[in-house]
Amino acid sequence: MKRLNQKKLVGSWARWTAVFKKQPYDDIQKYFGEKVALYYLWLGWYTTLLIPAAVLGVVVFLYALAFFKTNPLIKEVCESNITMCPRCEKRCPPWNLSDTCTYAKVSHLFDNEGTVAFAIFMAIWATLFLELWNRERAKHVSRWKVYDWCEEEEELIMEIVNNSECEPQKFKHSYLKSTLVLVMVTLMVSHAFNICTNPLHHCHQMPSLVVFRVVAAPLLSESKWEFMKDNANTVAVMLGAVAHYFTIQIMTHLFSMLFFFPEKPNSFAAKEKSFTVKMFTFQFFTLFSSLFYVAFFLGRINGHPGNYARIAGFRLEECHPSGCLTDLFIQMAIIMMLKQVINNIVEFIVPWLKNFWRKRATKALRRRCGHCYRSACRDENGLIEPCEVCKIAEWLRNYQLADSDSFSLFNEFLEMVIQFSFTTIFVAAFPLAPLLALINNIFEIRLDAIKMVRLERRLVPKKTNSIGVWKMVLEAIGVLAVIANGLVIGITSDFIPRLIYRYGYGPCARGETGVHCMSGYINSTLTTAYMVVNNTDDFVAPRERHLYNVTPCSFRDFRSEEDHSLTTHFWLVLAARFAFVILFEHVVLVFKFVAAWFVPNHSLSVKNERLESKLKRLQEELEGRKKSKSKSTEV
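Because the structure is predicted, anything quoted here is derived from the model rather than measured.

Quick word on the overall build of the protein chain
When you go through the protein chain residue by residue, the secondary structure sums to 22 helices and nine strands. Scored against the burial criterion, the 635 residues of the protein chain give a buried share of 47%. Of the contacts formed within the protein chain by residues at least 6 apart in sequence, a portion of 77% connects residues at least 24 apart. Split by element, the accessible area of the protein chain, about 33,500 Å² in all, is 62% carbon and sulfur.

Rendered as structure tokens:
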């Protein structure tokens, strides 16, 4: 029976030709059990609902592309004759703003009015996804007769079967152990951020990514390759993202086993839940630490000419005059694509190689088994019954498969939930993230199916009626997505400064006609500094510029031309940013609550089916009691 089910799954599901076919969830449930079936059900549902998100993301991207050539901000950068202050000290010369024309064009593709609407949509999408998932899950677990199943009772039954006089492992809680776990997780997350304090200047907490980038950018600017020299900052961003990803992968493998210590839960379910929360928290903070830095700190704590903030003697990075959102997009795109591509390659190649070497190792043993003849597999009635040779051959086939354990499915869930984080958190900076996730998941489903059915030993079937603690993790990500996207639009992007300029400082606000409302925006975000001639590292105060032989250059900030103090424009933009974040989060959270209320957790068909089932059960219990009562009366 097992072999027949396996052949059926190989023919209809675990093959590349079935990429666009519907998944046979009932057959998966019969062969692997409810736990694995619910994983594929969740993954299939998630992939289906990614379609509208991916389509809208492409529409937002095409919207930006449609106004690519007519955008006044791009023209202002590309046609500018402004000289910008050096990006670094000693090695970097002043540069022309027009040299970064390509960067300004890319920035417009991911920092435009459409990203605001898309961020709101994705926050609501995350809520609808979870609500609709509850309905889909209820429909299937009801059909599989595990709707009212209780994991705690299942484990108690297994203990009773093994020992009829067993005693339950009672629940215990130790504040000391919880404190130790909290301290360990905090230390590991802190290590991931690699806190670095510079006592000579302002005290900041910086991830190791910052050290890499502030050191790499000046070194790359000295390259003999012209392209590398002109794009030193962008290349440093990309190399930093790659280095960060591989560092995190190494740390994850080193620290994963430590998460079992020092807790001793009373059941495997509690142990799995505890491990899931700690492992996800660690991976989330390590993977997203660089994104949080780029989104909320890059270009905001670097100081200004004559008063730069430093780390390890190097100046901190600055944002491009077109904004910081492109840096966030580059960082996010590289980490997301590396994680998806490398993970898929590794999780397929490793079991395939294990399978290959085990087949070579058991070749001699397979020859000893002999050959099976059709007549030997038939019983007296002519029915096919595997002979001893066939049974041994089947055992050898299973022995050659790669090992699997109780946490094999955990790794699959972790990979997909991290991807869900990428498609919802910071999606305002990368509208194409849902499209990349959709393409990946279409192949991920078949890859996992082929691996589990054909390359790995079958997981021990387990009952369950939900995806467990992962649902709470997904809900937490949904709330965090609202906060993060509100901050990205309000703090990271130039959406608010542009609005302030359009309606407060621009040509239209001054009543000028025949001029685009955003003309002069880039110039309004720049402040002039004064460099000493022949010494580009030495800046003088604006009021002292007549005392030295100086040359002017510009830097991005809302500061006074007289003394470099923050202007009223800066404080107005800052107030508007925080006001927008608060308004955005409250509006989107209201939409989320309305969506959660509007979509019931269970469909009417499931509710009616359960109502009829309960009625039938109660009627049978009542009939049984009546019969037992009548028998006792007769006696």
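Comments concerning the packing of helix H3 (residues 34-66) against helix H5 (residues 101-110)
At a closest axis distance of 8 Å, the pairing of H3 and H5 adopts a crossing angle of 135°. The pairing of H3 with H5 is recorded here as oblique in orientation. The two elements H3 and H5 cross, and the hand of that crossing is right-handed. Residues Phe61, Ala64 and Leu65 of H3 touch H5, and the partners they reach there are His108, Leu109 and Phe110. Of the residues belonging to the contact of H3 with H5, the class tally is five nonpolar, one polar and no charged.

Let's talk about the nonpolar core
Within the largest apolar cluster, 113 residues are counted, with the highest numbers of intra-cluster contacts made by Trp13, Trp42 and Phe426. In terms of residue count, H3 provides more of this core than any other element does, 17 residues in total. In this structure Trp42 touches Phe129, Trp133, Phe413, Met416, Val417, Ile467 and Leu474, once residues within four positions along its chain are discounted. Counting residues in each nonpolar core, the second largest holds 12 residues, with Ile82, Trp95, Ala104 and Tyr521 among its members.

Let's talk about the side chain of Asn71
Note on placement: Asn71 falls in the loop between H3 and helix H4 (72-78). Judged by relative accessible area, Asn71 falls into the buried class, the value being 12%.

Concerning the state of the cysteines
Counted according to the given criterion, the structure contains three disulfides. One disulfide bridge connects Cys85 with Cys553, the sulfur atoms lying 2.0 Å from each other. Judged by the torsion about the S-S bond (85°), the Cys85/Cys553 disulfide is right-handed. One end of the pair, Cys85, is in the loop between strand S1 (83-84) and strand S2 (95-96); the other, Cys553, is in strand S9 (residues 550-556), and 468 residues separate them in sequence.

What to know about the UniProt feature "coiled-coil region" (unreviewed entry) in the protein chain
Here, UniProt's "coiled-coil region" (unreviewed entry) annotation points to residues 601-628. Across residues 601-628, helical content stands at 89% and strand content at 0%; the span's end C-alpha atoms are separated by 40 Å.

Notes on the side chain of Glu131
With respect to the helices and strands, Glu131 occurs in helix H6 (residues 113-143). With near-sequence residues (within four places) excluded, Glu131 lies in contact with Ala596, Val599, Pro600 and Asn601.

Examining the UniProt feature "transmembrane region" (unreviewed entry) in the protein chain
When the UniProt feature table is mapped onto this chain, "transmembrane region" (unreviewed entry) is found at residues 39-66, 115-133, 235-261, 282-301, 416-443, 464-491 and 570-599. In this annotation, residues 39-66 is assigned 100% helix and 0% strand; the end-to-end C-alpha distance for the span is 40 Å. Between the first and last C-alpha atoms of residues 570-599 the distance is 43 Å; the span itself is 97% helix and 0% strand.

A few points about the pattern of salt bridges
Per the stated rule, a full pass over the model turns up 11 salt bridges. The partner of Lys471 in a salt bridge is Glu475, with the nearest N and O atoms 2.6 Å apart. Taken together, the residues Lys471 and Glu475, both in helix H18 (residues 469-492) and four residues apart, mark about one turn of the helix. With relative accessibility at 23%, the residue Lys471 sits in the partly exposed group.

Definitions and limits used
Residues numbered from 1 in each chain as written. Predicted model: local features only at pLDDT ≥ 70, side-chain atom pairs only at ≥ 80, totals over all residues. Heavy atoms only, no water. Helix = DSSP H or I, 4+ residues; strand = E, 2+ residues; numbered from the N terminus. Buried < 20%, exposed > 50% of the residue type's maximum accessible area, 1.4 Å probe, protein only. Contact = heavy atoms within 4.5 Å. Areas by Shrake-Rupley, 256 points an atom, 1.4 Å probe, with all protein chains shown as cover. Axes fitted to C-alpha atoms, helices over the stretch in contact; angles between N-to-C directions. Parallel < 35°, antiparallel > 145°, perpendicular 65-115°, else oblique. Left-handed = near helix turned anticlockwise from the far one by under 90°. Nonpolar A, V, L, I, M, F, W, Y, C, P; charged D, E, K, R; others polar. Core = buried A, V, L, I, M, F, W, Y, C linked by side-chain atoms within 4.5 Å. Disulfide = S-S within 2.5 Å. UniProt positions renumbered as here; feature names shortened; annotations may be inferred. Salt bridge = Lys/Arg side-chain N within 4 Å of Asp/Glu carboxyl O.

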